[in-house]
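Here is how the chains run, residue by residue.
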Amino acid sequence: MRRTIVAGRATGPVLRSAEPINFLGAVDAARGAISDPSHALHGRALRGTILAFPHGTGSSVGAYTVYALKANGVAPAAMVCARPDASVVSGCAIAGIPLMLDGGLCAGVRDGQECTVDTVALTAVPA
Amino acid sequence: MELTRDEEDALHGRHGEAMETAYRVLVATGEAMGAAGLEEVSWAHLSGVNYNTIGEAGARFLADMAARGTRVQTRTTLNPMGYDARADHGLPGEFVRGQEGIASSYESMGVDMSFSCIPYEIFREGDVLPRAGRRVAFAESNAAIYANSVGGLRTNKESAFGALAAAIAGKSPVAPPEDPASVPTVRLRVDGPTDLDYGLLGYFAGAAGSQTVNLAGAAGPMDHRGCKSLCAGMGTSGTCSRFALDGQACGERLDFGREERDGALDSLSTAETGDMIALGSPQLGAGELAGLASMIGGASFKKRCVVFCARASLEAAEAAGDAARLRRAGCELLADCCACLTPLISADDVDSVTTSSVKAAYYLSRSNGVGVDLRPISEIVRGEAR
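Predicted model only: the values in this text are computed from it and were never measured.

Student: Before we move on, could you go through the layout of surface pockets and cite the residues and values that matter?
Tutor: One number sums up the size of the second largest pocket: a volume of about 620 Å³. In this structure, the second largest pocket is lined by 26 residues; those nearest its centre are L24 and V27 of chain A together with N52, T53 and I54 of chain B. Mapped onto the lining of the second largest pocket, the elements with two or more residues apiece are α1 (23-26), β4 (27-28) and α2 (62-71) of chain A together with α3 (51-67) of chain B. In the lining of the second largest pocket, the residues fall into 12 nonpolar, 10 polar and 4 charged.

Student: So what about empty space enclosed by the protein? Which residues, and what values?
Tutor: Residues and elements named next belong to chain B. Counted under the stated rule, the structure contains 2 cavities of 30 Å³ or more. Counted as a void, the largest cavity has a volume near 230 Å³. In this structure, the largest cavity is lined by 20 residues; those nearest its centre are D195, R225, L284, E288 and S356. Listed by contribution, the elements that provide at least two residues to the lining of the largest cavity are α8 (195-208), α9 (224-237), β10 (276-284), α11 (286-296) and α14 (358-366). Partitioned by chemical class, the residues of the lining of the largest cavity number 8 nonpolar, 7 polar and 5 charged. Of the pockets and cavities examined, the second largest cavity occupies roughly 50 Å³.

Student: Summarise the interface of chain A and chain B; cite the residues concerned and give the values.
Tutor: Facing 22 residues of chain A, the contacting portion of chain B comprises 28 residues. Carbon and sulfur atoms make up 65% of the area that chain A and chain B hide from each other, which totals about 2100 Å². On the chain A side of the contact with chain B, S60, Y64 and I94 of chain A bury the most area, a combined 32% of that side's loss. Connecting chain A to chain B are 0 salt bridges. The interface formed by chain A and chain B holds 8 residue pairs in polar contact (both at pLDDT 80 or more) in total. Put simply, the parts of the chain that give the side of chain A that touches chain B at least two residues each are β1 (3-6), α2 and α3 (86-95) of chain A. Among the elements that line the side of chain A that touches chain B, the one with the most residues is α3 of chain A, at 7 residues. Split by residue class, the side of chain A that touches chain B holds 13 nonpolar, 7 polar and 2 charged.

Student: Requested: an account of the side chain of E288 of chain B, with residues and values cited.
Tutor: Residue and element names in this part refer to chain B. Tracing the backbone shows E288 in helix α11. Here the side chain of E288 touches G285 through a polar contact of 2.9 Å, landing on its backbone nitrogen. With residues up to four places along the chain from it excluded, the contact list for E288 reads E121, R225, K228 and Q283.

Student: Mind laying out α8 of chain B, listing which residues take part and the relevant values?
Tutor: Three or four residues apart is the spacing at which side chains of an α-helix point the same way, because the helix has 3.6 residues per turn. Residues and elements named next belong to chain B. Helix length check: α8 (14 residues) gives 20 Å between terminal C-alpha atoms against 20 Å at 1.5 Å per residue, within 8%. The element α8 is extensively covered by neighbouring structure, given that 11 of its 14 residues are classed as buried. Looking only at α8, the buried set comprises D195, L196, D197, Y198, G199, L200, L201, G202, Y203, A205 and G206.

Student: Help me get a handle on the pairing of strand β12 (residues 331-335) of chain B, residues and values and all.
Tutor: All names here are of chain B. Of all the 5 residues making up β12, 4 are buried; the element is thus mostly covered by neighbouring parts of the structure. Bridging between strand β11 (residues 305-309) and β12 involves 5 bridges; their strand directions are parallel. By the bridge assignment, V306 is partnered in β12 with E332.

Student: Break down the packing of aromatic side chains for me, with residues and values.
Tutor: Per the counting criterion, the structure on display carries 13 aromatic pairs over all chains. A centroid spacing of 4.4 Å and a plane angle of 40° characterise the contact between Y64 of chain A and F161 of chain B, whose relative ring orientation is tilted. One end of the pair, Y64 of chain A, is in helix α2; the other, F161 of chain B, is in helix α7 (residues 160-169), on a second chain. Each member of the pair, Y64 of chain A as well as F161 of chain B, carries the same accessibility label: buried. Among the aromatic residues, those joined into a cluster by ring pairs are Y64 and Y67 of chain A together with F61 and F161 of chain B. One residue, R366 of chain B, lies across the ring of Y362 of chain B, its end atom 4.0 Å from the ring centre.

Student: So what's going on with the pattern of salt bridges? Which residues, and what values?
Tutor: Residue and element names in this part refer to chain B. Under the counting rule described, the total for this entry stands at 25 salt bridges over all chains. As a salt-bridge pair, R261 and D262 come within 2.9 Å of each other at their nearest N and O atoms. Judged by its relative accessible area of 11%, R261 is buried. D262 sits in the partly exposed class, given a relative accessible area of 31%. Salt-bridge contacts for R311 lead to D336; the nearest nitrogen and oxygen are separated by 2.7 Å. Taken together, the positions of R311 in helix α12 (residues 311-320) and D336 in the loop between β12 and β13 (352-355) put the pair 25 residues apart, joining distant regions of the chain. Relative accessible area serves as the criterion here: at 14%, R311 is assigned to the buried category.

The rules behind the values
- Residues numbered from 1 in each chain as written.
- Chains lettered and ligands numbered in written order.
- Predicted model: local features only at pLDDT ≥ 70, side-chain atom pairs only at ≥ 80, totals over all residues.
- Heavy atoms only, no water.
- 1 Å grid on protein atoms, 1.4 Å probe; cavity = no way out; pocket = protein on both sides within 12 Å on 5 of 7 lines; lining within 4 Å.
- Points joined across faces, edges and corners; volume = space filled by probe spheres on them.
- Helix = DSSP H or I, 4+ residues; strand = E, 2+ residues; numbered from the N terminus.
- Nonpolar A, V, L, I, M, F, W, Y, C, P; charged D, E, K, R; others polar.
- Contact = heavy atoms within 4.5 Å.
- Buried area = accessible area lost by both parts, 1.4 Å probe.
- Salt bridge = Lys/Arg side-chain N within 4 Å of Asp/Glu carboxyl O.
- Polar contact = N/O pair within 3.5 Å; in protein donor to acceptor, adjacent residues only side chain to side chain.
- Expected span 1.5 Å × (residues − 1).
- Buried < 20%, exposed > 50% of the residue type's maximum accessible area, 1.4 Å probe, protein only.
- Pairing = 2+ DSSP bridges.
- Phe/Tyr/Trp six-rings, centres within 6.5 Å; stacked < 30°, edge-to-face > 60°.
- Lys NZ or Arg CZ within 6 Å of the ring centre and 35° of its normal.

The structure is reproduced here in structure tokens:
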């Protein structure tokens, strides 16, 4: 079931991860990129993307990393998760990054595809 | 989620900007977990204190909150920072200035400057520890698991912003009851488990469940050190917020035997030996400091051994004479910080670190970039103190 967590609307290329993301351990908040060499998205930039991933993991401080991405101007335009975790939810809420829950979309969307996500109307429309 | 009239007002900014920010977090978190509403908390424990982890953006966020006159509404304690405030570590000025800024922001919000990840231990007495069954909001994962599983309290495994929001609003969302079919049972099948075995059990079990894990066969032999090790290991590997001992569960059933123990150990222990020893993640309490001093006896460590503890525990150990015994044995005692994510352990100075902590092993390897030699505390003392 699709649910709104943080309201908003954004368009961008989908960055899809089949693996969860540990924001404290695996993301470089200054450069806005996945910095963990063992992560499938290693080196990929987050800025302006529709980040689709199963869920966040790891330290409670990961919420600050989500906020720092926004403060540093390198945050995803929106996020879509299969299940919520406290760090991603609260980080997006503070940073004002639109966030929607949709397991089907996370699994089915194609990496790199342009997409417009409206977390209030609960729509995700490929461009 | 149902909000009262007053909570709606707060969410829409009628109680000021800081309260609006706090409610935005509480409502998003509550909606995400399917909470029916908010409930009062009698204690919040914050993470997001170390300049190493929250950086300049986090420090500025907190400075802005403090400048707006934000005050916490409930008793609020906080996690360790990057170093011992009373020691001169020769750290770069930029780090020290950033760290001092964070501390002063929290202080001006009315937070107790405890710098400890073991609030359950240093605030054990009835005057400050809430009565059993009360709701609290702990962001530090080992403390949340301890509070829910053995501390008689109830908390979400809060995010850093979730705990801060709970501190400011004095409330947090209440998760709906868990489906018993999603609670796995992990059976301990290791003979004579050490403190490290409990940490590895926690690490294994934390990845197996999502909220609660039922542990079978662990209750009998577990002492306080083993219990802390279990909580920290469990908090490191997943999203779990509590364990039950020999409880009822209808989820998946798994064994934690020699093979699973060795598998977890192999993934965390990456070096044969350490250039230095680091003990204390979670920080050691006064009882553990006394226990360590007795374990070492008249011997002393032949390489650098840093022992991280809570300020209150160090003061108790000073009074009891244990601190002096540990220093004579070559231990460096540091308060306010812990073995995880401190800039005091750096790949510029050491290639590898010996520790007994699963949590420290995880972060030393991933964040500090050093090798880790993971062993039970008794084996570290036997092998390294002569």
